[in-house]
Structures are given as C-alpha cells and as structure tokens.
Amino acid sequence: MMKRLHCVLAALLVAGSGLLNAQYRTTLQDLDDSETVRALKEHVATLSAAQMEGRKAGSEGEKMAAEYLEAKLREYGIDILTSGNEFGVSKGADTLHSRNVTGLLQGWDKSLNQRYIVVGARMDNLGMDTLVVNGEPTRRIYYGANGNASGMAMLLELAQKLSYARTLLRRSVIFVGFGASEETFAGAWYFLNRTFKEDIANVDAMVNLDMLGTSAGGFYAFTSSNEDLNTIVSALQGELLPVQAQLTTQQPYSGDHIVFYDKEIPSVLFTTGRYPEHNTGRDTFDIIDFEGMEGELEYIYSYVQRLCNGARPLFRNDSIAPQVQTEADVVAYSDVDVKPMFLNSPDPRTFMEKWVYQYLKYPRYAQENGIQGRVLVTFVINEKGEVKDVRVTRGVHETLDEEAVRVVAASPKWRPGRHRGKKVKTALTVAVEFKLDKNKGKFGINGVTIK
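Residues numbered from 1 in each chain as written. Predicted model: local features only at pLDDT ≥ 70, side-chain atom pairs only at ≥ 80, totals over all residues. Heavy atoms only, no water.

**Here we look at the overall build of the chain**
A count of helices and strands for the chain gives eleven helices and 19 strands. When the 451 residues of the chain are sorted by exposure, 55% land in the buried category. Across the chain, every contact between residues at least 6 apart in sequence was considered, and the portion connecting residues at least 24 apart equals 79%. Within the structure as shown, the chain displays about 21000 Å² of accessible surface, and the carbon and sulfur contribution to it stands at 48%. (Helix = DSSP H or I, 4+ residues; strand = E, 2+ residues; numbered from the N terminus. Buried < 20%, exposed > 50% of the residue type's maximum accessible area, 1.4 Å probe, protein only. Contact = heavy atoms within 4.5 Å. Areas by Shrake-Rupley, 256 points an atom, 1.4 Å probe, with all protein chains shown as cover.)

**A few points about the side chain of arginine 171**
Checked against the element boundaries, arginine 171 lands in the loop between helix H4 (145–164) and strand E8 (172–178). Side-chain polar atoms of arginine 171 contact the side chain of aspartate 204, separated by 2.7 Å. Once you skip the residues sitting within four places of it in the chain, arginine 171 turns out to touch Gly107, Leu112, Asn113, Arg115, Ile117, Asp204, Leu307, Cys308, Asn309, Gly310, Ala311 and Arg312. (Polar contact = N/O pair within 3.5 Å; in protein donor to acceptor, adjacent residues only side chain to side chain.)

**Section: the sheet that holds strand E5 (residues 116–122)**
Spatially, eight strands are ordered E1-E4-E8-E5-E9-E12-E10-E11 in an open sheet, and the strand pairing comes out mixed. One side of each edge strand has no neighbouring strand; the edge strands of this open sheet are strand E1 (79–80) and strand E11 (246–247). Bridge count between E5 and strand E9 (residues 203–209): five bridges; the pairing is parallel. Considered in E9, the bridge of valine 118 is made with methionine 206. Contacting strand E4 (101–105), E5, E8 and E9, H4 crosses the sheet at an angle of about 150 degrees to E5. (Pairing = 2+ DSSP bridges. Axes fitted to C-alpha atoms, helices over the stretch in contact; angles between N-to-C directions.)

**Thoughts on the pattern of salt bridges**
What the rule picks out here adds up to 21 salt bridges. Residue arginine 139 is joined to glutamate 53 by a salt bridge in which the shortest nitrogen-to-oxygen separation is 3.5 Å. A residue pair is termed long-range when its members are at least 10 positions apart, and arginine 139 in strand E7 (residues 136–141) and glutamate 53 in the loop between helix H2 (35–47) and helix H3 (60–75) qualify at 86 residues. Given a relative accessible area of 33%, glutamate 53 falls into the partly exposed group. Among the salt bridges present, the one from aspartate 204 reaches arginine 115, with a minimum N-O distance of 2.8 Å. (Salt bridge = Lys/Arg side-chain N within 4 Å of Asp/Glu carboxyl O.)

**Focus on the packing of aromatic side chains**
Applying the stated criterion across every chain yields a total of 20 aromatic pairs. Between the aromatic rings of phenylalanine 285 and phenylalanine 290, the centroid separation amounts to 5.0 Å while the plane-to-plane angle is 40 degrees, which identifies the pairing as tilted. According to the relative accessible area criterion, phenylalanine 290 is buried, its value standing at 4%. Among the aromatic side chains, those forming a connected cluster through ring pairs are Tyr116, Phe178, Phe191, Phe196 and Phe260. In this structure, lysine 339 packs its charged tip against the face of tyrosine 333, placed 4.9 Å from the ring centre. (Phe/Tyr/Trp six-rings, centres within 6.5 Å; stacked < 30°, edge-to-face > 60°. Lys NZ or Arg CZ within 6 Å of the ring centre and 35° of its normal.)

**Concerning H4**
Compared with the 28 Å implied by 1.5 Å per residue over 20 residues, the 27 Å span of H4 between its first and last C-alpha is a close match. Here H4 lies mainly inside the structure; 18 of its 20 residues are buried. (Expected span 1.5 Å × (residues − 1).)

**Regarding the pairing of strand E6 (residues 128–133)**
Two strands pair when backbone bridges link them, and E6 and E7 are joined in this way by six bridges, in the antiparallel orientation. Paired with methionine 128 across the strands is isoleucine 141, a residue of E7. Counted along the chain from E6 to the antiparallel partner E7, the turn is two residues long, and its residue asparagine 134 has a positive phi close to 55 degrees.

**Let's talk about the nonpolar core**
As a rule of thumb, nonpolar side chains are buried together in soluble globular proteins. Judged by nonpolar contacts, the single largest core of 59 residues is most densely connected at Leu209, Phe270 and Tyr303. Other than its neighbours up to four places away in sequence, phenylalanine 270 contacts Val207, Asn208, Leu209, Asp210, Leu212, Phe219, Tyr220, Ala221, Ala245, Tyr299, Ile300 and Tyr303. The next biggest cluster of nonpolar side chains, apart from the first, holds 28 residues, and it includes Met352, Val356, Val375 and Val430. (Core = buried A, V, L, I, M, F, W, Y, C linked by side-chain atoms within 4.5 Å.)

**Overview of the packing of H2 against H4**
Where H2 meets H4, the axes come as close as 9 Å, and the angle between the chain directions of the two elements is 135 degrees. Here H2 lies oblique to H4, going by the angle between them. For H2 against H4, the interelement crossing comes out right-handed. Side by side, H2 and H4 meet where Ala39, Leu40, His43, Val44 and Leu47 of the first sit next to Ala145, Ala149, Ser150, Met152, Ala153, Met154, Leu156 and Glu157 of the second. Among the residues making up the contact of H2 with H4, the classes are represented as ten nonpolar, two polar and one charged. (Parallel < 35°, antiparallel > 145°, perpendicular 65-115°, else oblique. Left-handed = near helix turned anticlockwise from the far one by under 90°. Nonpolar A, V, L, I, M, F, W, Y, C, P; charged D, E, K, R; others polar.)

**Focus on the packing of helix H9 (residues 348–359) against helix H11 (residues 398–409)**
Geometry of a packed helix pair, given as the angle between the helix axes and the separation of the axes. Following both chains from N to C, one finds H9 and H11 inclined at 125 degrees, their axes separated by 9 Å at the closest point. With respect to H11, the axis of H9 lies oblique. Here H9 and H11 pass one another in a crossing that is right-handed. Only Glu403, Arg406, Val407 and Val408 of H11 make contact with H9, whose side of the interface consists of Phe351, Trp355, Val356 and Tyr359. Across the contact of H9 with H11, the residue classes break down as six nonpolar, no polar and two charged.

**Regarding the side chain of asparagine 382**
The topology assignment puts asparagine 382 in the loop between strand E14 (373–381) and strand E15 (387–394). One polar contact links the side chain of asparagine 382 to the main-chain amide nitrogen of lysine 384, over a distance of 2.9 Å. Apart from the residues within four sequence positions on either side, asparagine 382 is in contact with Lys388, Pro416, Val424 and Lys425.

This is the structure:
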C-alpha cells in the first residue's frame, strides 16, 4: 500500500504533470507562502487531483485519499488505529466497500487521557459522470477541492500542530477521515457503532471540519445551540486570533456531526458555508483561499485545545442534573412537592449568585496553569435546612473541585423541601463554573473579578 501511495504522490507532484489538471502550479508568488500555506496547498492539490476521480465512496480514488491521509498522519506523529476501519455499505443488490482512517494523539493527564475529543473530516465526494458536449461524451470530475479536500487538509495540519503541543493536552484526540460520508454518513455511523463502540461513553465532544476553503463568505461554527460549546466561542473572542468564528443557529450543511449529536455527544461543525461551486466540476484548487484557511486553522487549534483541557461539555446544560442517584430517604430536587429555598427563593441561581460566587476564590495554582471549567457538585439539604453530604459528581481539577466543595459546604441554612406534606432530605446538583478572564491581567468567575 505505501509503495503504491508513494508512486501516486510522485506522479501527482512532479513538475509538469497533467494529473493535477492545472490546479496547482508553482509560481514566484508561492515562494512567499508560509510553511502552513504550502502544506495546505499540497494536501488540497493531491486530494482533489484528477487522479482521484472525485473520490466517490467505495472507489479507488477514495481509497487513495485514505492512504494519503494515513501516511501524513503517521508522518505527523499520530498513532494509527488500524483495526475495524473497513466496512461495507449496501446499495440495493450491491455492496460498496469503504474505510475510515483513525489516528490517536494521547493526552498527558492520566486522569483524563482515556477521554477523547474526536476531530473528523469526510474523505469522499461525488466522483464523476459523463456529459454529452457537441454530440461527444465528455467525462466530468467532481474534484471536491473545497468539498472536502479543504477539511481533510485542515485536519492534517491541525494534527501536526496538536502533535507539537501534545504535552499541553490533558484529553486525547482521535482524528478520523470518514469514508462514505455521502452515503448517509456511513463512516461516522461505523466509527460510533463498531470501531469505537466500547469507548463511546468516553467521547466528550466532536469537531467536524467540512468545506473550509472559501472564507470570503464567512467562517461559521454550528453547535446545535450547545451552551458549553458556545461558551468556548465567546471566550475566544477575547483572544488575538487571525479570524473569529461566527456562531450560527442554522445548520449550513448536514454532515458527520449529526451522527454524533444523535448519540448525545456535543458536536460543532466548522465551515465557511455555501459556495457557488458546491457539487459541481468547478470545485477546483483555484477557488481555495489558503491564507484564509491558515487563519481558520489557528482558531480551530485554540478551540480544540480548550476542549482538551476544560470541563466536559454537557449535552444538556441544566443547573439541576436530570437524574440524581439518591439514598432511599432522600428525594431528588425535581421530585419534591415544595422546593427547598435559599433566601426565600426556590431558584438555585439565587444560591449561586448570592452565596457561591460571592465567596468562591480562584485557586492560585489553577490561575497560573490556566485551568478552568465547570464542576458539578451534589449535596443534600436535610430536614433542618442544613447542607450535608457535599460531593463532586463531575470534576475538573482537584484544586477547583476542592474550592467548589468548600463554598457549597459552608452554605447557610435553607428552608427545607417538603414532599407529601412532610419535610424531607432533598438532593440538589449545581454547576460551579470557574472561568478565567485574562484581559487586563485580571481573573474572573462568571464576571466577578478576583482580587
């Protein structure tokens, strides 16, 4: 396989070769390109070359794209997970054979490196068909430079940047080139239901990279309105990045992210949106804005770093956990007839605003090491209104966990909850958020400056 791939690449990149279909020719202007732009150009030129014949699912072109992706991931220091990547897709009486390419970059934190952020990009496109022009049959190739050679190129250069920074990543990153995505997202389905089935509960978030090469129309992040993923977009607005993603509540395209969303895994699609050449033979190398892609790469790199090092994004962001495991004599907050009250309010936000965030202190170690995130704390309000049995149900770092427990445990008395006419022990879960605001050298928690 590798020998054949090297032959293909040599043929594609040799000076004067016609296989690139005049999409990529070195010019004097290219000498001013950054190393990243040169790499992006090489990836897109190779993956959208005529030799790939449009990378139709199950075709030799899609297989060649997979081989290229695998070879480059290995070159960039990513461990390839080879088992379980080939699969079949039924097409009536026929079966097409496709494959995923799956690589692993392990995080450094032993307490978190068995949890994963998945970064994916589809490999296939529409292939080719035949048109009749002036009475003659003419082959038309759907090169797919933006759809989705651009996303694969972004995945590769993101993998290289994260590999260089692996000592800064607490979680592990799984890179996936999805095969047969145009066939009802078959590769994404196969990854979740076959390849990674045993570890699916450990996937904390998914990042989908699809059609990122035409930034003149904008650069978008679609999160299905997930609060935690949106919070990262908001946080990055305070950083000096070449570009900023625009949140959109309208999905620009369907994609592999929706398969992860169906499994209740928080997912974000990064894309530059719709473009006139989409799904046509004009989707070629020359429409790509590579300098724009370089800026988007910096943004996505910062976004994925935050996913790797912050609290696990919740699929549903309720201040009260939907289910709380309680003892027999303890009633969940959602089930009591009369809610417990703090300062005469049954709304837990009053407790957070009037008590927790007034007395919470950001641990210095966490400040100095950029540790932030959301700590879920469960506690019991007994029949006397006392806060007891405070424990962390989802932590971030021991320093933040301990501080959250300290403040909650020091709570003044509540008015106890009632159930069936009697005072009862009530279990409640709150999310204590630690968020760093480094603007002007200050740190903050939910907008409160820490002195």
